[in-house]
Amino acid sequence: MFSDNHLILLLICAALITVSTILSVKYKLSSKKASIIFAVICVISEITKDMVSMVPSEFGGYILDQSDIPLHLCSLVVFVMLFIVFTKKESTREKLLSAVAVIGIVAPIFALLIPTVGVALDKVITYQYFVYHAALMWFALHHIITGQAELGIRAYKRNLAYLSLIIFLMLYINSALSAYGVNFLFLRKPPVDGIPILNLDHGWYCYFAVLLLIGYGSVTLVHTPFMIKEKKQIGKK
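Residues numbered from 1 in each chain as written. Predicted model: local features only at pLDDT ≥ 70, side-chain atom pairs only at ≥ 80, totals over all residues. Heavy atoms only, no water.

A. Looking closely at the overall build of the chain. Scanning the chain from N- to C-terminus turns up 7 helices and 2 strands. For the chain, the N- to C-terminal ordering of α and β elements is α-α-β-β-α-α-α-α-α. Against the 2.2 N^0.38 benchmark of 18 Å for 237 residues, the chain shows a C-alpha radius of gyration of 19 Å, consistent with a compact globule. Dimensions of the chain along its principal axes, counting C-alpha atoms only, are 65 × 40 × 40 Å. (Helix = DSSP H or I, 4+ residues; strand = E, 2+ residues; numbered from the N terminus. Rg over C-alpha atoms; globule rule 2.2 N^0.38 Å.)

Have a look at this one:
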C-alpha cells in the first residue's frame, strides 16, 4: 500500500510530467533546447543530492556517502546529458538520446513507485529524488512524442548492448566497493525489502535472473511499437 506522502509525491510528479510534456510538445521545443534544459536540471539535482548526502570522514571533514556516487542507471544520465549537450558529433548524440529516451521511460516508473530515499515531506532529498525522475520522464516523453528519438530495430539492439555493458561493469564496481555496501543498479540485492517476485527468497541467482528479465523486458516493451512500425514501413517499400 502506498502511504499518503507517497501518493502526494506521485500526484505532484504526474502533474509536473503532464504539464511540462504538453507545453514542450505544444511549443515544439527543439531537441537541443530540451537537452540544455534537462542538463541544467541534472546538474542542479546532482549538486543538491551531493550536498545533502555528505557524511563525516574518519580522517576529518566530510565526504560523499559511497552509496550516493552517481552510478545508478538514472544517475548515469547526468553524465550522458552533459556529453549530449557539448558533443559536436550528431550521430553520437542521436544514439545517446535514444538510450536516454528508453531509460527515461523505464527507470523513473520503478524509481517513483519504489522510492529508495523514502517519502518524508520534510527532507530535501525526497524532493530532489522525485523531481529529478519526473524531469527525466518528461525529457524522454518529449523526444518520443515529437519523434526526435530513434527507437527502431537498430536502436533496440544498440540499447540492449548499452544495458548489458552497464550491468557487466556494475557487477565489478559493486564488488570492488563491497566494503562500503554499495548496491548500484540493485545488482547485489533488491532496493527495498518485501517486493513481490523481485526478492532474495529463492536466492541471489534467481533474483538476478528476474532483475535481468525485468530490465531487458522493459526495454523491449518500449521499443516494440516502433520496431513494428518500422517493419511495416519496410514491407511497403
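B. Representation of the packing of helix α3 (residues 73-86) against helix α5 (residues 124-145) within the structure. Look at α3 against α5: their axes get within 11 Å of each other, and the N-to-C directions meet at 55 degrees. In terms of their interaxial angle, α3 and α5 are classed as oblique. Once α3 is placed against α5, the crossing between them reads as left-handed. On α5, the residues that touch Cys 74, Ser 75, Val 77, Val 78 and Met 81 of α3 are Tyr 132, His 133, Leu 136 and Phe 139. Tallied by class, residues from the contact of α3 with α5 come to 7 nonpolar, 2 polar and no charged. (Axes fitted to C-alpha atoms, helices over the stretch in contact; angles between N-to-C directions. Parallel < 35°, antiparallel > 145°, perpendicular 65-115°, else oblique. Left-handed = near helix turned anticlockwise from the far one by under 90°. Contact = heavy atoms within 4.5 Å. Nonpolar A, V, L, I, M, F, W, Y, C, P; charged D, E, K, R; others polar.)

C. Summary view of unusual backbone geometry. Phi at Lys 28 takes a positive value of approximately 50 degrees, unusual for a residue other than glycine. Looking at the element boundaries, Lys 28 is found in the loop between α1 (4-26) and α2 (31-52). At Phe 186, a position not held by glycine, the phi torsion is positive, near 55 degrees. Note that Phe 186 resides in the loop between α6 (153-176) and α7 (204-236). The class of Phe 186 is partly exposed, set by a relative accessible area of 25%. (Buried < 20%, exposed > 50% of the residue type's maximum accessible area, 1.4 Å probe, protein only.)

D. Summary view of the side chain of Thr 126. Structurally, the position occupied by Thr 126 is in helix α5. Residue classification places Thr 126 among the buried positions, given a relative accessible area of 0%. Ignoring any residue separated from it by four or fewer positions in sequence, one finds Thr 126 in contact with Leu 9, Val 117, Gly 118, Val 119 and Ala 120.

E. Molecular detail of the side chain of Ser 98. Relative to the helices and strands, Ser 98 resides in helix α4 (residues 90-113). Taking relative accessible area as the criterion, Ser 98 reaches 0% and is therefore assigned buried. Only 2.6 Å separates the side chain of Ser 98 from the backbone oxygen of Glu 150, close enough to count as a polar contact. Leave out the neighbours within four places in its chain, and Ser 98 touches Glu 150, Leu 151, Ala 155, Arg 158 and Asn 159. (Polar contact = N/O pair within 3.5 Å; in protein donor to acceptor, adjacent residues only side chain to side chain.)

F. Structural view of α2. Given a rise of 1.5 Å per residue, 22 residues ought to cover 32 Å, and the 31 Å separating the end C-alpha atoms of α2 matches this to within 8%. Of the residues making up α2, those classed as buried are Ser 31, Ala 34, Ser 35, Phe 38, Ala 39, Cys 42, Ser 45, Glu 46, Lys 49 and Asp 50. Buried positions in α2, seen along its axis, are confined to an arc of 135 degrees and lie on one side of it. Of the exposed residues in α2, the ones pointing more than 90 degrees away from its buried face are Lys 33, Ile 44 and Met 51. Summarising the contacts, the buried residues of α2 are in contact with β1 (54-56), β2 (62-64), α3, α4 and α5. (Expected span 1.5 Å × (residues − 1). Arc of directions from axis to C-beta.)

G. Representation of the pattern of salt bridges within the structure. For the coordinates displayed, the defined rule picks out 3 salt bridges. The residue Lys 49 makes a salt bridge to Glu 46 at a minimum N-O spacing of 3.2 Å. Residue Lys 49 and its partner Glu 46 are both found in helix α2; the two are separated by 3 residues, about one turn of the helix. Across the salt bridge formed by Glu 150 and Arg 158, the nearest N and O atoms sit 3.4 Å from each other. According to the relative accessible area criterion, Arg 158 is buried, its value standing at 16%. (Salt bridge = Lys/Arg side-chain N within 4 Å of Asp/Glu carboxyl O.)

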